[in-house]
Amino acid sequence: MEKNMENKNIMYLFDIENGDVVGVDEAGRGPLAGPVVAAVAKIKKYDERLDKINDSKKLTEKMRDLLYDVILENFEVGVGIADVDEIDSLNILNATFLAMRRAISNLNSDVKFQKVLVDGNHKIREYNGEQIPVIKGDSKSLSIAAASIIAKVTRDRMLIQISEKYPEYKFEKHKGYGTVVHRNAILENGPIEGVHRKSFLKKILGE
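These numbers come from a predicted model, not from an experiment.

Participant: Help me get a handle on the overall build of the protein chain, residues and values and all.
Facilitator: A count of helical and extended segments in the protein chain gives eight helices and five strands. Mapped in sequence order, the helices and strands of the protein chain form the string α-β-β-α-β-α-α-β-β-α-α-α-α. The C-alpha radius of gyration computed for the protein chain amounts to 18 Å, which stays within 12% of the reference 17 Å derived for 207 residues, consistent with globular compactness. Projecting the C-alpha coordinates of the protein chain onto the three principal axes gives extents of approximately 60 × 35 × 25 Å. Put simply, the protein chain has 207 residues, and 49% of those count as buried. If you take every contact in the protein chain between residues at least 6 apart in sequence, the share linking residues at least 24 apart comes to 68%. By element, 49% of the accessible surface of the protein chain is carried by carbon and sulfur atoms, the whole surface being about 10,700 Å². Of the side chains in the protein chain, 32 bear a positive and 32 a negative charge, and the two mean positions are spaced by 3 Å.

This is the structure:
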């Protein structure tokens, strides 16, 4: 290995070894409410601050927010969203692929790449470019991990905005996931049109 590469982040080296890549990940497949958000990230320049990047689920909310700005400074980023109606009509997996395709299409058109590294064991359906599924990619690839943070922070901020409109559901606390507090709020107040995923609520509502 070249001397100037010896101290580089091992996740960054993973991306380099795979060529000219972007990383893709999503946030929000499991919640009862809110959209699924995908992001794509391609590194522009290496910075030691990137060494703090990891799987978004392993980071505190405060650290994700700090890294969000670092990532926007050092990566080209695209974000794609599939809303609640699309999740209910397509199913969550297909809606996730839709969000991923939108994220890639929303990447700056000047950004060129040869391969997409996708977190997980599925290729993105209906995407024709070269792609490599990477199991646990958000702990192996710097670009996937960066995408996971962008997707997670973007989605969390959307749910916080929803919480301002519907404070009784406490979305700022659970971000739409099926916590006891959230389930009880649904049973007490009913689902919110356009916010809750009807296809996810059948067991809770006894349908």
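Past the structure itself, the notes keep going.
Participant: Help me get a handle on the side chain of Asn74, residues and values and all.
Facilitator: With respect to the element layout, Asn74 can be found in helix α2 (residues 61–74). By relative accessible area, Asn74 is classed as buried at 0%. Each residue touching Asn74, except ones within four places of it in the same chain, is listed here: Lys42, Ile43, Lys44, Lys45, Asp47, Arg49 and Leu50.

Participant: Could you give me a rundown of helix α5 (residues 142–165), with the residues and numbers involved?
Facilitator: A rise of 1.5 Å per residue sets the reference length of α5, with its 24 residues, at 34 Å; its end C-alpha atoms lie 35 Å apart and thus fit the reference within 8%. Burial runs high along α5: 18 of the 24 residues are buried.

Participant: Which residues make up the sheet that holds strand β2 (residues 36–43), and what are the values?
Facilitator: Spatial ordering of the open sheet is given by β3-β2-β1-β4-β5, a layout of five strands whose pairing is mixed. The sheet is open, and its two borders are formed by β3 (75–82) and β5 (131–134), each paired with just one other strand. Ignoring which end each strand starts from, the neighbouring axes of this sheet average 20° apart. The pairing of strand β4 (residues 115–119) with β5 spans four bridges and is classified as parallel. Across the sheet, the residue bridging to Leu117 is Ile132, located in β5.

Participant: Describe the nonpolar core, naming the residues involved and giving the relevant values.
Facilitator: In terms of nonpolar packing, the biggest core is built from 22 residues, with Ile53, Ile71, Phe75, Leu142 and Ile149 touching the most fellow members. Mapped by element, the contributors of at least two residues to this core are α1 (10–17), β2, α2 and α5. Here this core takes eight residues from α5, the largest share from any one element. Those residues within four positions of Leu142 in sequence are excluded, and the remaining contacts are Asn9, Met11, Tyr12, Asp15, Ile43, Leu50, Ile53 and Phe75. Counting residues in each nonpolar core, the second largest holds 21 residues, with Val22, Val40, Ile87 and Met100 among its members.

Participant: If you had to explain helix α7 (residues 180–189) to someone new, which residues and values would you point to?
Facilitator: For α7, the full list of buried residues reads His182, Ala185 and Ile186. Along the long axis of α7, the arc covered by the buried residues comes to 100°, so they all point the same way. Relative to its buried face, α7 has exposed residues pointing more than 90 degrees away, namely Val180, Leu187 and Glu188. Next to the buried residues of α7 lie α6 (171–174) and α8 (202–205). One or two positions beyond α7, positive phi appears at Gly190, with a value near 85°.

Participant: So what's going on with the environment of Asp69? Which residues, and what values?
Facilitator: Secondary-structure assignment places Asp69 in helix α2. Expressed as a C-alpha distance, the spacing of Asp69 and Val116, which sit 47 residues apart in the sequence, is 23 Å.

About the criteria used
- Residues numbered from 1 in each chain as written.
- Predicted model: local features only at pLDDT ≥ 70, side-chain atom pairs only at ≥ 80, totals over all residues.
- Heavy atoms only, no water.
- Helix = DSSP H or I, 4+ residues; strand = E, 2+ residues; numbered from the N terminus.
- Rg over C-alpha atoms; globule rule 2.2 N^0.38 Å.
- Buried < 20%, exposed > 50% of the residue type's maximum accessible area, 1.4 Å probe, protein only.
- Contact = heavy atoms within 4.5 Å.
- Areas by Shrake-Rupley, 256 points an atom, 1.4 Å probe, with all protein chains shown as cover.
- Lys, Arg positive; Asp, Glu negative; His and termini not counted.
- Charge placed at Lys NZ, Arg CZ, Asp CG, Glu CD.
- Expected span 1.5 Å × (residues − 1).
- Pairing = 2+ DSSP bridges.
- Axes fitted to C-alpha atoms, helices over the stretch in contact; angles between N-to-C directions.
- Core = buried A, V, L, I, M, F, W, Y, C linked by side-chain atoms within 4.5 Å.
- Arc of directions from axis to C-beta.

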